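Report on the structure
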Amino acid sequence: MKPIRTLKISISGIRGVIGDSLLPPLLTRFAESFGTYLNSGEIVIGRDTRTSGEMVKHAVFAGLMSSGCQVIDLDICPVPTVQHMVRELGARGGIAITASHNPVEWNALKLIRSDGCFLNSYQAEELLSVYHQGDYKKVRELEIREVRKNEQGIPSHLKRILESYGPVKWNGRNFKVAIDCCNGAGSLMTPRLLERLGCEVVAINTTPNGIFPHPPEPVPQNLTDLCRLVKESGADVGFAQDADADRLAIVSEEGMPAGEENTLALAVKFVLSQERGTVVTNLSTTQAIDDIAQAFGCRVIRTKIGEVNVTETMKKENALIGGEGNGGVIFPRINFARDSMVGIALVLHYMARCGVSISSLINELPKYYFVKQTVPYPSFRVRSLLKQLQETYSGERLDQTEGLKILRPDAWAHIRSSNTEPIVRIVVEARHEDLARAWAAEIVSRMEKL
Amino acid sequence: MNPLKISISGVRGIVGATFTPELVVNFAQAFGTYLDSGQILVCRDTRPSGSMVRSAVISGLISTGCKVIDLGICPTPSMQLLLTAMGASGGIAISGGHNPEGWNALKFVRDDGIYLNALQAGELLDVFHQSEFTKMPWNKLHKVQERNDAIDLHLARVKKSLQIEVIRQRRFVVAVDCCNGACSRMTPRFLEELDCKVVSINDSPSERFPHDPNPTPTNMQQLRAMVKASGADVGFAHDADGERLGIVTEQGVPLSEEYTLAVLTVIQLSQKPGVVVTNLSTTQAIDDLATRYGGSVIRTPIGQAYVAEAVKETRAVVGGEGSGGVILPDIQFSHDSLAAIGRVLEFLAVRQNTISDLAAAVPRFYMVKRNLGFSPSTIYAVIQDLRASIESEAQTATLDFSDGIKLSWPDGWVHVRDSNTESMIRIIAESKEPSRAESLADWAQTRVRIASVRMAER
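Residues numbered from 1 in each chain as written. Chains lettered and ligands numbered in written order. Predicted model: local features only at pLDDT ≥ 70, side-chain atom pairs only at ≥ 80, totals over all residues.

1. What about the overall build of chain B?
The helix and strand tally for chain B stands at 15 helices and 20 strands. Relative to the globule expectation of 23 Å for 458 residues, the C-alpha radius of gyration of chain B, 22 Å, shows essentially globular dimensions. Residues classed as buried in chain B amount to 58% of the 458 residues present. For chain B, the share of sequence-separated contacts (at least 6 apart) that also reach a separation of at least 24 residues comes to 69%. (Helix = DSSP H or I, 4+ residues; strand = E, 2+ residues; numbered from the N terminus. Rg over C-alpha atoms; globule rule 2.2 N^0.38 Å. Buried ≥ 20, exposed ≤ 12 C-beta atoms within 10 Å, placed from the backbone. Contact = placed C-beta atoms within 7 Å.)

Okay, structure coming up:
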């Protein structure tokens, strides 16, 4: 029998491949353990557009109902909408059914607590203990609550954004905006948001059918259609989302991808130009954030990778803005979540405020070159690898919050093991492309020697 | 002991105990695998757990590549009728039927609208136990399709079989108790369309069951009061999913559930003599009626699938069980309480008759039903032990071992068997003489006790 290698039950939740490892009984049990962990209460459920979403959703419903939860079904909507609604409704928790940027055959459960943030690693460990123990809360007939449908998710989320960032004009005229929603959950919200902001919209891939026209990760190689659309339509800016609309990529009016690291940089620069406050981001995000914050006299706090690590630190530090370099902007005044719709509103208002093109705003950002590499590496050897690298670079400034980060005046490198796969991720950023490439190559060759 | 019962009558258990979502998901996967995907209809009765079970069923079916047609809350016979009309591959009825609040069940329907028979149920169970279910990839999953026209189809189909105008002219006053079950949105509407004055109670699907949903005289007290108060011509009681029917006469007398099939037997045979199919535990009155009208009776083991298959095979004019389930084969090969109501009203209208006159045509028997709770691990052994000892004795009775043990004498019979739906042994005895029926039941009960003591000593 071929062993199943696609299922991953970890502190990031549960993810797997449909028709292979992610099967209804497993999902039902996982939902039961979540209902048991939260001891019933209202649970908000949303999903992205994947074809497996309905199957996964019903398996989750059954498990939650059996453990006495009141399920509130938002059906297809962005993940940040689920997070917004958990807080808005004062619910006990939520589950977003999405494999985010993963390919179409994947699906996953993301677990949300009452403050709209994902479970942190301790809470996820507790949940896993409940799951593995297998003794779930079961309620009797009359305590089972029928699923309650709620169609207010997207309208409520839109209203919240528009309260802070309403209609905009750019140099006296309406924006023309091109979007690519990858036939994901953003399809149901982003066109409406842009219309309410007073934009003229040219859209591709806004059919919420879960058939992805390209891999849903909004990285430059997946944005060629959007780049062409921006140029052909003469749009002022282009926006691309992943399947669950938490991550945002930007394309300039010249049809050039800005690079996903620059999404957060633009948002941070705009917000700090309006008011001062603390910025929180993860260890692997561009140094540009520090440069921008420094220019405004603001502090940057770096956390482990993972949205919840950023949001928890933001709460603790009462941060103004934060996010992740993969295109995830977190602006707590609107939503305590990576929210691409918030990112879009911020970028458009930034352009409107400055009255210049998006490419000139991008060009004004500090210039860095980014190299990201993944090296397959057996999990049991990761610790010794990190230890030896630590000795190798012992004379330099090191940050060991997660994995190993080596900081130099003009560059940094971050080496860590993945939460989701048996690989090691290497991220190097430098002022010059050659320098970044050379350092990344050096680290990889050291790994191969070990 | 919290019972779970897996039998020819489906998978049944107590919500919050044995009837878990994992179990349901696995059975749905097994059924989807067993049917090799295809179109599957899903319906449920009004139990609150129905929504939980429905989600588990839908998820399991989708994952095996089935195209799910979700009928929501809908009587089981309406689903069975739509299933055959659509030419679908199968169906799952989510309903504890006559079982009390707290229970729920999955009942598996095949492409001809009949439940899986014992052999097929065994095959399904093998698939379930093997746990190797069809796993369809993301691009072979089908969207759930919701349909709400099953009841419309059912009403149209039944009305078409009736002399509507004759019924309408009688302007019947009809009392009906839907037990807040799946018929709540169907039967009152049906009766209104027949120009009846409808006195409807317990027709709120969102409310709890006002009483146990089994339409026995004990559970028809409220209906009986309504019939008397409203001067209704007849009263009808449904179980939770529209399979079983109970009748109250215009004099306010609740008829035993055994009478439902007997009344329909009178109606069918008096119009067209033929075969009547029923199970071993159903009243002797059926045989007497068949003799009177020149028909014949075929007896099957207990379980709707046995009766339905025999009705189909023998082209019977009517079939059913003493529990209140009636099969009218010109509508479908399944218990259908709506069709039975229509046929009773038509007969009363055409013959200018009253329901108590019709009931009076049924020979009087006295029936005793007793249920003895046993743990699932001992039931089979106790029945085997009893059978062995009875076989070893000289008997004046005719013996039938096709389902448990049935002993028949000229003046009465007693039947001891394993329940299909609960963890218990049922004893049914019948005679024209109440004392004889009671003594037969006493005798059987003592023999069961002796057998169980012997088992315990082993």
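2. Topic: the overall build of chain A
Broken down by element type, chain A carries 14 helices and 20 strands. Against the 2.2 N^0.38 benchmark of 22 Å for 450 residues, chain A shows a C-alpha radius of gyration of 22 Å, consistent with a compact globule. Residue burial in chain A is summarised as follows: out of 450 residues, 54% are buried. In chain A, of all internal contacts separated by at least 6 residues, the share reaching a separation of at least 24 is 69%.

3. Considerations on the interface of chain A and chain B
Contacts between the two partners involve 31 residues from chain A and, on the opposite side, 32 residues from chain B. Going through the elements one at a time, α1 (24–37) and α2 (53–66) of chain A are the ones with two or more residues in the side of chain A that touches chain B. Residues of the side of chain A that touches chain B, tallied by class, amount to 14 nonpolar, seven polar and 10 charged. (Nonpolar A, V, L, I, M, F, W, Y, C, P; charged D, E, K, R; others polar.)

4. Thoughts on the nonpolar core
Judged by nonpolar contacts, the single largest core of 287 residues is most densely connected at Val60(A) and Val174(B). With near-sequence residues (within four places) excluded, Val174(B) lies in contact with Leu191(B), Cys196(B), Val198(B), Val199(B), Ala232(B), Asp233(B), Val234(B) and Phe236(B). (Core = buried A, V, L, I, M, F, W, Y, C linked by C-beta atoms within 7 Å.)

5. Let's talk about the domain arrangement of chain B
All names here are of chain B. Each assigned domain of chain B is listed here: domain 1 (4–148), domain 2 (167–360) and domain 3 (366–457). Computed over C-alpha atoms only, the centres of domain 1 and domain 2 are separated by 27 Å. With 26 residues of domain 1 at the interface, the matching set in domain 2 holds 30 residues. When residues in the side of domain 1 that touches domain 2 are grouped by element, the largest group, five residues, is from helix α3 (residues 76–86). (Domains from an automatic or database assignment.)

6. What about the domain arrangement of chain A?
What the domain assignment reports for chain A is domain 1 (8–152), domain 2 (171–363) and domain 3 (369–449). Inter-centroid distance (C-alpha atoms) of domain 1 of chain A to domain 3 of chain A is 35 Å.

7. A word on the packing of helix α3 (residues 79–88) of chain A against helix α5 (residues 153–164) of chain A
Residue and element names in this part refer to chain A. At their nearest, the axes of α3 and α5 sit 9 Å apart, and the two run at 85° to each other. The angle between α3 and α5 falls in the class roughly perpendicular. Contacts between α3 and α5 involve Thr81, His84, Met85 and Glu88 on the former and, on the latter, Gly153, Ile154, Ser156, His157 and Arg160. Among the residues making up the contact of α3 with α5, the classes are represented as two nonpolar, five polar and two charged. (Axes fitted to C-alpha atoms, helices over the stretch in contact; angles between N-to-C directions. Parallel < 35°, antiparallel > 145°, perpendicular 65-115°, else oblique.)

8. Concerning the sheet that holds strand β18 (residues 405–409) of chain B
Residue and element names in this part refer to chain B. Pairing is antiparallel across the open sheet formed by five strands, whose spatial order is β16-β20-β19-β18-β17. For this open sheet the edge positions go to β16 (366–373) and β17 (398–400), each flanked by a neighbour on one side alone. For this sheet the average axis-to-axis angle between neighbouring strands, irrespective of direction, equals 10°. The pairing of β17 with β18 spans three bridges and is classified as antiparallel. Paired with Leu399 across the two strands is Leu407, which belongs to β18. The sheet contacts of helix α14 (residues 376–392) involve β18, β19 (412–418) and β20 (424–431), and relative to β19 the element is tilted by about 145°. (Pairing = 2+ DSSP bridges.)

9. Some details on the packing of α1(A) against helix α4 (residues 121–133) of chain A
When two helices pack together, their arrangement is given by the angle between the helix axes and by the axis-to-axis distance. All names here are of chain A. In the contact formed by α1 and α4, the axes pass within 9 Å of each other and the chain directions differ by 120°. Compared by their axis directions, α1 and α4 come out oblique. Classified by chirality, the crossing of α4 by α1 is right-handed. Of α4, the residues touching α1 (which contributes Arg29, Phe30, Ser33, Phe34, Thr36 and Tyr37) are Glu126, Leu127, Val130 and Tyr131. (Left-handed = near helix turned anticlockwise from the far one by under 90°.)

10. Topic: the sheet that holds strand β11 (residues 248–251) of chain A
Residues and elements named next belong to chain A. Spatial strand order, β9-β8-β10-β11: four strands in an open sheet with mixed pairing. At either end of the open sheet lies a strand with only one pairing partner, and these are β9 (200–204) and β11. The sheet shows a mean angle of 25° between the axes of neighbouring strands, taken without regard to direction. With four bridges connecting them, strand β10 (residues 237–241) and β11 associate as antiparallel partners. By the bridge assignment, Phe239 is partnered in β11 with Ile250.

11. Examining the pairing of strand β4 (residues 66–73) of chain B
Residue and element names in this part refer to chain B. With respect to burial, β4 is a largely interior element, six of its eight residues being buried. Across six bridges, strand β3 (residues 38–44) lies against β4 in parallel orientation. Bridge pairing links Arg44 to Ile73 in β4. Traced from β3 through helix α2 (residues 49–63) to β4, the parallel crossover comes out right-handed. The sheet contact formed by β4 and strand β7 (residues 145–146) spans two bridges and is parallel. Residue Asp70 lies in a different strand from β7, and its bridge partner there is Glu146. (Right-handed = clockwise from strand over helix to strand, strands pointing away.)

12. Brief notes about the pairing of β19(B)
On any regular strand, side chains alternate: one points to one face of the sheet, the next to the other face. Residues and elements named next belong to chain B. Counted residue by residue, β19 has seven buried out of seven residues, so it is predominantly covered. Here β19 shows two buried faces, one formed by Gly412, Val414, Val416 and Asp418 and the other by Trp413, His415 and Arg417. Inspection of the sheet shows β18 paired to β19 by five bridges, in the antiparallel sense. Paired with Trp409 across the strands is Gly412, a residue of β19. Summarising the sheet, β19 and β20 pair through six bridges and their orientation is antiparallel. The residue of β20 that forms the bridge with His415 is Ile428.

13. Details of helix α4 (residues 118–130) of chain B
Residues and elements named next belong to chain B. The end-to-end C-alpha distance of α4 is 18 Å, a good match for the 18 Å that 13 residues give at a rise of 1.5 Å each. Those residues of α4 hidden inside the fold are in contact with α1 (21–34) and β6 (103–109). Downstream of α4 by one or two residues, Ser131 has phi in the positive range, about 65°. (Expected span 1.5 Å × (residues − 1).)

14. Focus: helix α8 (residues 261–274) of chain A
Look at α8(A): 21 Å from first C-alpha to last across 14 residues, which is about the 20 Å you get at 1.5 Å a residue. Counting buried residues in α8(A) gives 11 out of 14 residues, a clear majority hidden from the surface.

15. Comments concerning unusual backbone geometry
Residues and elements named next belong to chain B. Non-glycine residue Ser131 carries a positive phi angle of around 65°. Tracing the backbone through its elements, the reader meets Ser131 in the loop between α4 and β7. Owing to 11 C-beta atoms within 10 Å, Ser131 belongs among the exposed residues under this scheme. Positive phi, close to 50°, is recorded for Gln352, a residue that is not glycine. With respect to the secondary-structure elements, Gln352 resides in the loop between α12 (337–350) and α13 (355–360).

16. A short note on the environment of Ser452(B)
Residue and element names in this part refer to chain B. Take Ser452: it is sitting in helix α15 (residues 434–457). C-alpha of Ser452 to C-alpha of Val382: the two residues are 70 residues apart in sequence and 5.5 Å apart in space. Excluding residues within four positions of it along the chain, Ser452 makes contact with Thr378 and Val382.

17. Describing the confidence of the model for chain B
Summary statistics for chain B give a mean pLDDT of 95 and a share of 100% for residues scoring 70 or more. The ipTM, which scores confidence in the relative placement of chains, is 0.91 for this predicted complex, and the corresponding pTM is 0.93. (pLDDT = per-residue confidence, 0-100.)

18. Some thoughts on the environment of Val277(B)
All names here are of chain B. Mapped onto the fold, Val277 is located in strand β12 (residues 275–279). Residue classification places Val277 among the buried positions, given that 29 C-beta atoms sit within 10 Å. Counting along the chain gives 35 residues from Val277 to Lys312, while the straight-line C-alpha distance between them is 9.8 Å. Residues contacting Val277, with those up to four places away along its chain left out, are Ile298, Thr300, Val307, Ala310, Val311, Thr314, Ala316 and Gly319.

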